[in-house]
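Fold and geometry: a report
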Amino acid sequence: MRHRRLPGALVTATLLLGTLAGTGSHPGTAAAEQKAAPKVVRALTLRDRVDAASPEALVWKRAPVVRVPLQPAAQVHPVILGAPSTMSLAVRAIRTPESLYVQLRWDDPNADVSIDGTGGFLDRAAVQFPINLKPTTTPFMGDPTARVSIWHWRADGKPESLIAAGFGSLTPASVQDVRATGVRTSRGWEVVITRPLRTTSEDSVRFDGVREIPVAFAVWNGSNQERDGFKAVTLEWWRLRF
């Protein structure tokens, strides 16, 4: 059985480390080249209306995929310690005349789809954008002068559109227009998070007319007790290019 579909509608990710074997490159040179490589997710831009809300939609085969490495988030809760288990995720994006779709795929052998008592935690994923569209915004959940918009998917099928102005400042957006669908694969999760390009909310990102926007990713593995700030993240902005 390839997939088991879960309830979806949202929502806070895979190794790009190469080897030097056979290249003849000096390690220092290769490291510098890798560091200089652009961190870009290139969206498939379509002129026609297409429903890409399902991770299994055929149109996703046309979208370029990029592997995004993840690192442990900064420890902001002294009582929550450990190493997140997700090392990377595959990212795709599709932009239609009406909506932006972001697909995340990562390995996770266990499906944590419910909270079982006080020791259980959900699998989750998130996509983050600076509301002002500027890369000078801190990727660590923004700050009071430059807030961020977070599309948050939960494995129990509940999505959230959140706003943050720094650590510990998460609040629901005034308009909950984010949707998501997650499915299980033989290796883990495939999730699509989507939102209309245009929004009536003053505290959400406006995508109409935008050619490029900073983007960041996060993944939580519930089986590894990951929650809150205990997560795997991108420590700097990537660029989502249309």
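You'll find the structure just up there.
Residues numbered from 1 in each chain as written. Predicted model: local features only at pLDDT ≥ 70, side-chain atom pairs only at ≥ 80, totals over all residues. Heavy atoms only, no water.

1. Some points on the overall build of the chain
- In terms of regular secondary structure, the chain is built from one helix and 16 strands.
- With 242 residues in all, the chain has 51% of them scored as buried.
- Carbon and sulfur atoms make up 54% of the accessible area of the chain, which totals about 12000 Å². (Helix = DSSP H or I, 4+ residues; strand = E, 2+ residues; numbered from the N terminus. Buried < 20%, exposed > 50% of the residue type's maximum accessible area, 1.4 Å probe, protein only. Areas by Shrake-Rupley, 256 points an atom, 1.4 Å probe, with all protein chains shown as cover.)

2. Things to note about the pattern of salt bridges
- Summed over all chains, the structure comprises seven salt bridges.
- Taking the shortest distance from any N to any O, the salt bridge between Asp-107 and Arg-187 comes out at 2.7 Å. Residue Asp-107 is found in strand S7 (residues 99-107), and its partner Arg-187 is found in the loop between strand S12 (179-184) and strand S13 (188-196); the two are separated by 80 residues along the sequence.
- Exposure remark for Asp-107: the relative accessible area of 42% places this residue in the partly exposed category.
- Looking at Arg-187, the relative accessible area reads 55%, which means it is exposed.
- The closest approach of N and O atoms between Arg-239 and Glu-212, which form a salt bridge, is 3.9 Å. With Arg-239 in strand S16 (residues 238-241) and Glu-212 in strand S14 (residues 212-220), the pair connects residues that are 27 residues apart, well separated along the chain.
- Arg-239 sits in the partly exposed class, given a relative accessible area of 32%.
- Classification of Glu-212 as partly exposed rests on a relative accessible area of 33%. (Salt bridge = Lys/Arg side-chain N within 4 Å of Asp/Glu carboxyl O.)

3. A look at the side chain of Asp-123
- Inspection of the secondary structure puts Asp-123 in the loop between S7 and strand S8 (124-130).
- Arg-184 is the oppositely charged side chain nearest to the buried, salt-bridge-free Asp-123, at an N-O distance of 4.8 Å.
- Separated by 2.9 Å, the side chain of Asp-123 and the backbone nitrogen of Asp-112 make a polar contact.
- Among all residues touching Asp-123, those that are not within four sequence positions of it are Asp-108, Asn-110, Ala-111, Asp-112, Trp-153, Arg-154, Ala-155, Trp-189, Trp-220, Asn-221, Gly-222 and Ser-223. (Lys, Arg positive; Asp, Glu negative; His and termini not counted. Polar contact = N/O pair within 3.5 Å; in protein donor to acceptor, adjacent residues only side chain to side chain. Contact = heavy atoms within 4.5 Å.)

4. Some details on unusual backbone geometry
- Although it is not a glycine, Leu-133 adopts a positive phi angle of roughly 70 degrees.
- Turning to its location among the elements, Leu-133 is positioned in the loop between S8 and strand S9 (148-154).

5. Remarks on the environment of Met-87
- In this structure, Met-87 sits in the loop between strand S5 (71-72) and strand S6 (88-95).
- With 19 residues separating them in the primary sequence, Met-87 and Val-68 have C-alpha atoms 8.8 Å apart.

6. Description of the side chain of Arg-124
- Here Arg-124 shows up in strand S8.
- Buried and unpaired, Arg-124 has Glu-160 as its nearest opposite-charge partner, separated by 4.9 Å.

7. A few points about a nonpolar patch on the surface
- Nonpolar side chains collect at one region of the surface, where Phe-140, Phe-167 and Leu-235 lie side by side and expose about 280 Å² of accessible area between them.
- With respect to the secondary-structure elements, Leu-235 resides in the loop between strand S15 (232-233) and S16.
- Its relative accessible area of 36% is what places Leu-235 among the partly exposed residues. (Patch = residues over 30% accessible without salt bridge, like charges linked within 9 Å, V, L, I, M, F, W, Y side chains within 5 Å.)

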